[in-house]
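Here is what each chain is made of, one letter per residue.
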Amino acid sequence: MSNEIILEAQHLRKAFGGLVAVDDVSVRIKQYNMHAIIGPNGAGKTTLFNLLSGTMPPTDGKVFYKGEDITHLAPQRRAHLGIGRSFQITNIFANLTVLENIRLSAQAMGKDNFRLLKLADDFPSYVEKAAAVIEEVGLSGREYVLARNLAHGEKRKLELGIMLASDPELLLFDEPTAGMSSEQVPELIEIIKHVVKDNQRTAILVEHRMDMVMSISDVITVMSQGKLLAEGTPQEIAGNPLVQKAYLGDLYGELVCTKPENLLLVDNIQTYIGQFHILQGVTVEVPKNEITVLLGRNGAGKTTTLKSILGLTPPSQGKIIFKDMEIHGKRAFNIVNLGIGYVPEHRAIFRKLSVMENLKMAERKRGDLDKHADFIFELFPDLERLYKLPGNHLSGGQQQMLAVARALVPDNDLLLIDEPSEGLAPILIQQMMEAIRKLSQTTTVLLVEQNFIMASQLAKNFYIIDDGKTVTNGKMSELIHNEELIHEYLGASVRTVKQGDKA
């Protein structure tokens, strides 16, 4: 491995008015290394990455590539020097094929980049180059597919191919796995390892997935509040007391590669309703003591997933494991008795029974309600006040509270909640959100929610289901910044998502 420095940043500083995003940061990237930049949101890592790639000029400091000062060199000029970069939001030509996307990148670096009136067949060398890159990034057989019709993981591969077609020596990866499912990530990691290590390239990586960072990086730079906090090998960073002190929470837990225990595993289930094949490969992992949300458009298969877990629409293939026990194939009442509560989409309360009678009906054994009444009425004070009132005399919001409360009467380890905000006024949505937050302190929650603002503020983990399949999953903190994924599968307004705290 070479000790030669291929890229060096000296005392970089970037200020946006009175806000200093990067403050006196110096970093040296050794040739043939995989160098990761990590840190929590707001640490300054993306700003540093933009300074290194040339998409943003520094307020102070310099950037050198192979000893040459490139501080004020435009990104396209840097590309001709051998620096390529990917983007967190996929940056491709949606209406061109895979082959055309990659061929144009190869052509842009050659002498024929402005010969726009000639046919592609007149440039066989670029077509051959594109074909080789397509094989390298694992898109063989997809050459003539329009980019817009690719799956999200394939689009990430295509962007990597576009970058490789320019023959870069230094690759800058901006969250290459953003929006990808956990099943897709290992393949992309292997591709990145191949294009960097096997081809003697150098790479700088900004990435939130700590398992990926720890597995492929030679050096890790940790940033905090715009400053360089620590730098070293993955082993040194994991054992660094400064990192432990600053990130004694989720990030440090991920750094030392600890993963939360899964309470529920839904593994590639296939579910039919009559002759209709509704679920065609749904996989979901629900970590213990966390809120996980299923997202997707109407009819995607979210509610059927909950019903399949409960055995109401039993899957014909796949596995469902709850507390290390296989529950697929069991009767619904047996599954519920294992400790799973269910709040259906349309509440399904006993409308002619009183609030208290509804709650008593939910007991699995005598004394359940007495045991949990204080907690239930703390969450939903209206129910204590209206305990003698029949269900059909309650407002829609109060009926939803009663539906959730019934599921809390027994000792449940897992609560499945289907569309808790449906039909509720904004103030009642806020009350419901606060209640779910509180109950998640003692109960694991799997939530189906169409209101993305509510989901983004409640859930730690997300799964997107589309056409009966799990298409991607990850941390909600990553999804809220992925405008492309939100638009493609949820149709939500990004502006509204970013202002979710005002909902």
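Residues numbered from 1 in each chain as written. Predicted model: local features only at pLDDT ≥ 70, side-chain atom pairs only at ≥ 80, totals over all residues. Heavy atoms only, no water.

### Here we look at the overall build of the protein chain
Argument step 1. Scanning the protein chain for helices and strands turns up 21 helices and 20 strands.
Argument step 2. Residue pairs at least 24 apart in sequence account for 68% of intrachain contacts in the protein chain once pairs closer than 6 positions are excluded.
Argument step 3. Only carbon and sulfur atoms are counted for the fraction: they give 51% of the accessible area of the protein chain, which is about 22,900 Å². (Helix = DSSP H or I, 4+ residues; strand = E, 2+ residues; numbered from the N terminus. Contact = heavy atoms within 4.5 Å. Areas by Shrake-Rupley, 256 points an atom, 1.4 Å probe, with all protein chains shown as cover.)

### Focus: the sheet that holds strand S10 (residues 227–232)
Argument step 1. In spatial order, the strands read S6-S7-S8-S3-S9-S10; together these 6 strands make up an open sheet with mixed pairing. With partners counted over all chains shown, the strands left at the sheet margins are strand S6 (83–85) and S10, one partner each. Here the strands of the sheet are splayed against their neighbours by 15 degrees on average, with no regard to which way each runs.
Argument step 2. Relative to S10, strand S9 (residues 219–224) runs antiparallel, the two being bridged by 5 bridges. If you follow Ser224 over to S10, its bridge partner there is Lys227.
Argument step 3. Across the sheet, helix H1 (residues 45–53) is in contact with strand S3 (34–38), S6, strand S7 (170–174), strand S8 (202–206) and S9; its angle to S7 comes to roughly 150 degrees.
Argument step 4. Contacts between helix H5 (residues 152–164) and the sheet are confined to S6 and S7, with S7 contributing the most and set at about 155 degrees to the helix. (Pairing = 2+ DSSP bridges. Axes fitted to C-alpha atoms, helices over the stretch in contact; angles between N-to-C directions.)

### Observations regarding the pairing of strand S1 (residues 5–16)
Argument step 1. Two strands pair when backbone bridges link them, and S1 and strand S2 (residues 19–30) are joined in this way by 8 bridges, in the antiparallel orientation. Paired with Leu7 across the strands is Ile29, a residue of S2.
Argument step 2. A loop of 2 residues connects S1 with S2, the two strands running antiparallel in sequence, and Gly17 in this loop sits at a positive phi of about 65 degrees.
Argument step 3. As defined by bridge partners, S1 adjoins strand S4 (residues 60–65) across 5 bridges and the pair is classed as antiparallel. Its bridge partner lying in S4, Leu7 is registered against Tyr65.

### What about the confidence of the model for the protein chain?
Atomic detail in the predicted coordinates should be set aside for any region of low pLDDT.
Argument step 1. The pLDDT averaged across the protein chain works out to 85; a share of 89% of its residues lies at or above 70.
Argument step 2. Low pLDDT (under 50) marks residues 498–503, which in the prediction has 6 contacts with non-local residues, meaning those over four places away or in another chain. (pLDDT = per-residue confidence, 0-100.)

### Section: the pairing of strand S14 (residues 317–322)
Argument step 1. Relative to S14, strand S11 (residues 262–273) is paired through 5 bridges, and the arrangement is antiparallel. Paired with Val266 across the two strands is Ile320, which belongs to S14.
Argument step 2. If you look at the hairpin formed by S14 and strand S15 (residues 325–326), you'll find 2 residues sitting between the two strands, and Lys323 has a positive phi there, around 50 degrees.

### Structural notes on the environment of Ser354
Argument step 1. Within the element layout of this structure, Ser354 appears in the loop between strand S16 (340–343) and helix H13 (355–361).
Argument step 2. Residue Ser354 is classed as buried on the basis of its relative accessible area, which comes to 11%.
Argument step 3. The spatial distance from the C-alpha of Ser354 to the C-alpha of His393 is 9.1 Å, given a sequence separation of 39 residues.
Argument step 4. Among residues more than four places away in sequence, those in contact with Ser354 are Tyr387, Lys388, Leu389 and Pro390. (Buried < 20%, exposed > 50% of the residue type's maximum accessible area, 1.4 Å probe, protein only.)

### With respect to the packing of H5 against helix H6 (residues 185–198)
Packed helix pairs are characterised by how far apart their axes lie and by the angle those axes make with each other.
Argument step 1. One way to put it is that H5 packs onto H6 with a least axis distance of 11 Å and a crossing angle of 10 degrees. Taken together, the axes of H5 and H6 are roughly parallel relative to one another. Taking contact as the criterion, the partners of Lys157, Leu160 and Leu164 in H5 are, on H6, Glu187, Leu188, Ile191, Ile192 and Val195. (Parallel < 35°, antiparallel > 145°, perpendicular 65-115°, else oblique.)

### Some details on the packing of helix H16 (residues 396–408) against helix H17 (residues 426–439)
Argument step 1. Running from amino to carboxyl end, H16 crosses H17 at an angle of 10 degrees, the nearest separation of the two axes being 11 Å. In terms of their interaxial angle, H16 and H17 are classed as roughly parallel. Counting all contacts with H16, which are made through Gly397, Gln400, Met401, Val404 and Leu408, the residues of H17 involved are Leu428, Gln431, Met432 and Leu439.

### Notes on helix H14 (residues 368–379)
Argument step 1. The end-to-end C-alpha distance of H14 is 17 Å, a good match for the 16 Å that 12 residues give at a rise of 1.5 Å each.
Argument step 2. Residues of H14 that are buried in the fold lie against H13, helix H15 (381–385), H16 and H17. (Expected span 1.5 Å × (residues − 1).)

### As for the environment of Leu158
Argument step 1. Along the polypeptide, Leu158 turns up in helix H5.
Argument step 2. Distance in space between the C-alpha atoms of Leu158 and Ile102 is 7.7 Å, their sequence separation being 56 residues.
Argument step 3. When residues no more than four places from it in sequence are discounted, the contact partners of Leu158 are Ile92, Val98, Asn101, Ile102, Leu139, Ala147 and Leu150.

### Overview of the sheet that holds strand S17 (residues 414–418)
Argument step 1. The mixed open sheet is built from 6 strands, whose spatial order is S16-S17-S18-S13-S19-S20. Each having just a single partner strand, S16 and strand S20 (469–475) make up the two edges of the open sheet. Across the sheet, the mean angle separating the axes of adjacent strands is 15 degrees when strand polarity is ignored.
Argument step 2. Where strand S13 (residues 291–295) lies against strand S18 (residues 444–448), 4 bridges are found, and the strand directions are parallel. Bridge pairing in S18 places Ile291 opposite Val445.

### Notes on H5
Argument step 1. Given a rise of 1.5 Å per residue, 13 residues ought to cover 18 Å, and the 19 Å separating the end C-alpha atoms of H5 matches this to within 8%.
Argument step 2. Of all 13 residues in H5, 13 are buried, a share of seventy percent or more.

### Section: the nonpolar core
Argument step 1. Residues Leu295, Phe380 and Leu479 are the most contacted members of the largest nonpolar core, which totals 50 residues.
Argument step 2. Considering each element in turn, this core owes the most residues, 7 residues, to H16.
Argument step 3. When near neighbours in sequence (up to four residues on either side) are disregarded, Leu479 contacts Leu295, Phe452, Phe462, Ile464, Leu485 and Ile486.
Argument step 4. Ile92, Met180, Leu205 and Ala230 belong to the second largest nonpolar core, which has 46 residues in total. (Core = buried A, V, L, I, M, F, W, Y, C linked by side-chain atoms within 4.5 Å.)

### What about the packing of aromatic side chains?
Geometry of an aromatic ring pair is reported as the spacing of the ring centres plus the angle between the planes.
Argument step 1. This structure, assessed with the given rule, holds 0 aromatic pairs.
Argument step 2. Lying across the ring of Phe16, Lys14 places its NZ or CZ 5.4 Å from the centre. (Phe/Tyr/Trp six-rings, centres within 6.5 Å; stacked < 30°, edge-to-face > 60°. Lys NZ or Arg CZ within 6 Å of the ring centre and 35° of its normal.)

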